[in-house]
2 protein chains.
Amino acid sequence: MKVVFIGLCGHSMQAYEVLKLRTDATLCGVAPGSEHENMTESFDPAIPYFASWNEMLDKTHPDLAVSSPVFGLTGEIVIACAKRGINVFCEKPVAGTLEDLERVKAAVRSSGIRFCAMHYLRVSPAFWQGAAMVKSGAIGEVRLLNAQKSYRFGTRPDWYRDRDLFTGIIPWVGIHAIDWIYAFAGKKFLSVNASTAGIPERTALCRFDLEDGVAASISLDYFRPEIAPSHDDDRIRCVGTDGILEVRDGKIHLMNGDGVQTIDPDPAPELLSCFLDRNDLLSPDDIFYLTRVALLARESADTQSTVSIEN
Amino acid sequence: MKVVFIGLCGHSMQAYEVLKLRTDATLCGVAPGSEHENMTESFDPAIPYFASWNEMLDKTHPDLAVSSPVFGLTGEIVIACAKRGINVFCEKPVAGTLEDLERVKAAVRSSGIRFCAMHYLRVSPAFWQGAAMVKSGAIGEVRLLNAQKSYRFGTRPDWYRDRDLFTGIIPWVGIHAIDWIYAFAGKKFLSVNASTAGIPERTALCRFDLEDGVAASISLDYFRPEIAPSHDDDRIRCVGTDGILEVRDGKIHLMNGDGVQTIDPDPAPELLSCFLDRNDLLSPDDIFYLTRVALLARESADTQSTVSIEN
């Protein structure tokens, strides 16, 4: 299996660490996704470097492209790979606009390539196990969910100010919280009402109506202080008819008829390894759906109106 | 100072405990607010009992009425007291509809009575001190707030199913979270988008836009398990440009340039005692405003639309 890397934003290093250890993978090229990315210091210098990812794809004929360019460029790269029949493991969001999402969807479906996106937080251990517990009935029927992503802002490149390149705090950060809500509630989204603030966007707040009267919120911010004990403060609180389950500080906090417990989660499966072993943890349809919900939430904030989500 | 008690819902016993100890207060009557209330077991039997609060007001000529009837009846009682020039300390919401709120407002203002409502959670110690810390700049400029009220449902009277009597989960429970947001952010509300679910209402989720691009959410539920270590799980998380302050489990959790701290709050002032001593912690205008915001949030949920809040 010949593998190339395009871009160095987001979770590409996490994928690189997995692929370095795979005996069935040959790393045969790295290339930046755009002029904003400097690839030279992060990869083994023995891997051939290409200034153009297009040229790299043509010359190396890879089986798999790991794509994590400046966020807004993902869709174009996925389409280029799909046209060449190259399987893709790419960053989320898989498209920066609803129009591009339709193009990506069509290209992936018509090509028959294998496709997965880096929804790594689906398999963050406490979230993975928490979702499984909720699905198995630990809190009865889900009624209400509150998810949170809080990050340090630190120093970010200038292109975070550019919607076309950054995509926005909801598609880039919020999509993880949307993914958790989808995984925990097991319901479709019906509508969203959202706001964002800041240039670059530093906060967002979305309220979703889901099927069966379930409601969900996501709260996003890039204001976590530098002094904080971790880069991120990822949470979900899930209220059910028979109990409440929360993920906070990497642990599962469960209250139900059996009592009050704090649970250290077991290790979770690794997203890319599962994809390579044909055990997909998210289907392409799931990924397209989460992307669409995130882009519609951004549209709600942009237009200051509630946006319906068709299913 | 002659004091009467009308009704026995909500926080009336908290007010009773304060008044029993006041040497300047004579407790000269108790009466139910409606046929749903049984007053006989909770008050000192030496205090005269009246079957009709109207009759009690006419016969005792009190200086102060403490009113906590079935929630939807508060407005009518406030108006009756105001017409007689009787000062009022009543439950929130001070009116169950926007029309009643206008009538209450006019009656209170034209009568010149002293007026306060039982926004007791404003002075819950961690919230009181947390709001003061935020106001004094502990986290810079506020950008985002998430408040939560989670209660056990336990056994509730049938009238919780009746909108006219219960008023709804947002006016009854959510108004406390709205109060916190108002106190912490120090900003006016511009619009609200909300949903509720259940009969009786068991959950609600509201998203508010505030002045200056500040966003806020309140999450309400009556699904706290019986086994939970406390009746309620009150929280607020307040994200600022220079730090994050949370109230959770009765403590203040602060992260800012000075470090990460957990603070046990100092005792807070007592709402009714301050009112009696003419040191009002909330003005009538504040109370009318919070009531209007809560009723508009309920309207948003009822009409499934975003509702503007004029200031």
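This paragraph deals with the overall build of chain A. Helices and strands together make up the secondary structure of chain A, namely 9 helices and 14 strands. The C-alpha radius of gyration of chain A comes to 19 Å, within 12% of the 19 Å expected for a compact globule of 311 residues. Buried positions account for 63% of the 311 residues belonging to chain A. Accessible surface computed for chain A: about 11,700 Å², of which carbon and sulfur atoms make up 47%.

Residue and element names in this part refer to chain A. Following both chains from N to C, one finds helix H4 (residues 98–111) and helix H9 (residues 284–303) inclined at 175°, their axes separated by 10 Å at the closest point. Here H9 runs roughly antiparallel to H4, going by the angle between their axes. Only Asp-285, Phe-288, Thr-291, Arg-292, Leu-295, Leu-296 and Glu-299 of H9 make contact with H4, whose side of the interface consists of Leu-98, Leu-101, Val-104, Lys-105, Val-108 and Arg-109. Tallied by class, the residues present in the contact of H4 with H9 amount to 7 nonpolar, 1 polar and 5 charged.

This part is about the domain arrangement of chain A. Many authors give the size of an interface as the accessible area that is lost as the parts come together. Residues and elements named next belong to chain A. In terms of domain boundaries, chain A breaks down into domain 1 (2–117) and domain 2 (120–308). Taking only C-alpha atoms into account, the centre of domain 1 sits 25 Å from that of domain 2. Taken together, the contacts link 33 residues of domain 1 with 31 residues of domain 2. Overall, the association of domain 1 and domain 2 removes approximately 3,000 Å² of surface from exposure, summing both partners, and the carbon and sulfur fraction of that is 73%. Taken as a group, Phe-71, Lys-92 and Arg-114 account for 23% of the area that domain 1 buries against domain 2, more than any other trio of residues on that side. In this assembly, domain 1 and domain 2 are joined by 3 salt bridges. For the salt bridge of Asp-280 with Arg-114, the shortest nitrogen-to-oxygen distance reads 3.1 Å. The interface formed by domain 1 and domain 2 contains 9 residue pairs in polar contact (both at pLDDT 80 or more). Only helix H1 (12–20), strand S4 (87–90), H4 and strand S5 (115–117) provide two or more residues apiece to the side of domain 1 that touches domain 2. Residues that form the side of domain 1 that touches domain 2 fall into these classes: 20 nonpolar, 7 polar and 6 charged.

Bringing the relation of the copies chain B and chain A into the picture now. Two chain copies, one operation linking them: a rotation about an axis together with a shift along it. Least-squares fitting of chain B to chain A yields an RMSD of 0.0 Å, with the transformation described by 0.0 Å of translation along the axis and a rotation of 180°. On this basis, the relationship between the two copies can be described by a two-fold rotation axis. When C-alpha positions in chain B are compared against the rotation axis, the closest is assigned to B:Arg207, at 3.2 Å. Most of the interface of chain B is mirrored in chain A: 100% of its interface residues are interface residues there too.

Let us now look at helix H2 (residues 53–60) of chain B. Residues and elements named next belong to chain B. Inspection of H2 places Trp-53, Met-56, Leu-57 and Thr-60 among the buried residues, and these make up the whole buried set. All buried residues of H2 fall inside an arc of 100° around its axis, so they share one side. On the buried face of H2, the contacting elements are strand S1 (2–6), strand S2 (26–31) and helix H3 (74–83). For H2, the capping residue at the N-terminal end is Ser-52, with a side-chain oxygen 3.3 Å from the backbone nitrogen of Asn-54. His-61, located one to two residues past H2, shows a positive phi value of around 45°.

Next up on the list: the interface of chain B and chain A. Taken together, the contact between chain B and chain A spans 44 residues of the former and 44 residues of the latter. With both sides pooled, the region where chain B packs onto chain A buries about 3,000 Å², and carbon together with sulfur makes up 59% of that total. When residues of chain B are sorted by the area they lose upon contact with chain A, B:Leu205, B:Arg207 and B:Phe223 head the list and together hold 19% of the total. Between the two partners, chain B and chain A, sit 4 salt bridges. Across the pair A:Glu246 and B:Arg235 runs a salt bridge whose closest N-O atoms are separated by 2.7 Å. Scanning the region where chain B abuts chain A turns up 16 residue pairs in polar contact (both at pLDDT 80 or more). The residue makeup of the side of chain B that touches chain A, split by class, is 18 nonpolar, 16 polar and 10 charged.

Before going further, it helps to examine the sheet that holds strand S3 (residues 64–67) of chain A. By definition, the strands of a sheet pair up through backbone hydrogen bonds, in either a parallel or an antiparallel sense. Residues and elements named next belong to chain A. Pairing in this open sheet of 5 strands is parallel, and the strands run S2-S1-S3-S4-S5 from one edge to the other. What marks the edges here is a single partner per strand, and that holds for strand S2 (26–31) and S5. For this sheet, the mean inter-axis angle between neighbouring strands, taken without regard to orientation, is 15°. Taken together, the 4 bridges between strand S1 (residues 2–6) and S3 define a ladder with parallel strand orientation. Among the inter-strand pairings, Phe-5 is bridged to a residue of S3, identified as Val-66. Helix H2 (residues 53–60) contacts S1 and S2 of the sheet and is inclined by roughly 175° relative to S1. Sitting on the sheet, helix H3 (residues 74–83) is in contact with S1, S3, S4 and S5, with an inclination near 165° to S4.

What counts as what
- Residues numbered from 1 in each chain as written.
- Chains lettered and ligands numbered in written order.
- Predicted model: local features only at pLDDT ≥ 70, side-chain atom pairs only at ≥ 80, totals over all residues.
- Heavy atoms only, no water.
- Helix = DSSP H or I, 4+ residues; strand = E, 2+ residues; numbered from the N terminus.
- Rg over C-alpha atoms; globule rule 2.2 N^0.38 Å.
- Buried < 20%, exposed > 50% of the residue type's maximum accessible area, 1.4 Å probe, protein only.
- Areas by Shrake-Rupley, 256 points an atom, 1.4 Å probe, with all protein chains shown as cover.
- Axes fitted to C-alpha atoms, helices over the stretch in contact; angles between N-to-C directions.
- Parallel < 35°, antiparallel > 145°, perpendicular 65-115°, else oblique.
- Contact = heavy atoms within 4.5 Å.
- Nonpolar A, V, L, I, M, F, W, Y, C, P; charged D, E, K, R; others polar.
- Domains from an automatic or database assignment.
- Buried area = accessible area lost by both parts, 1.4 Å probe.
- Salt bridge = Lys/Arg side-chain N within 4 Å of Asp/Glu carboxyl O.
- Polar contact = N/O pair within 3.5 Å; in protein donor to acceptor, adjacent residues only side chain to side chain.
- Least-squares fit on C-alpha atoms with pLDDT ≥ 70 in both.
- Arc of directions from axis to C-beta.
- Pairing = 2+ DSSP bridges.

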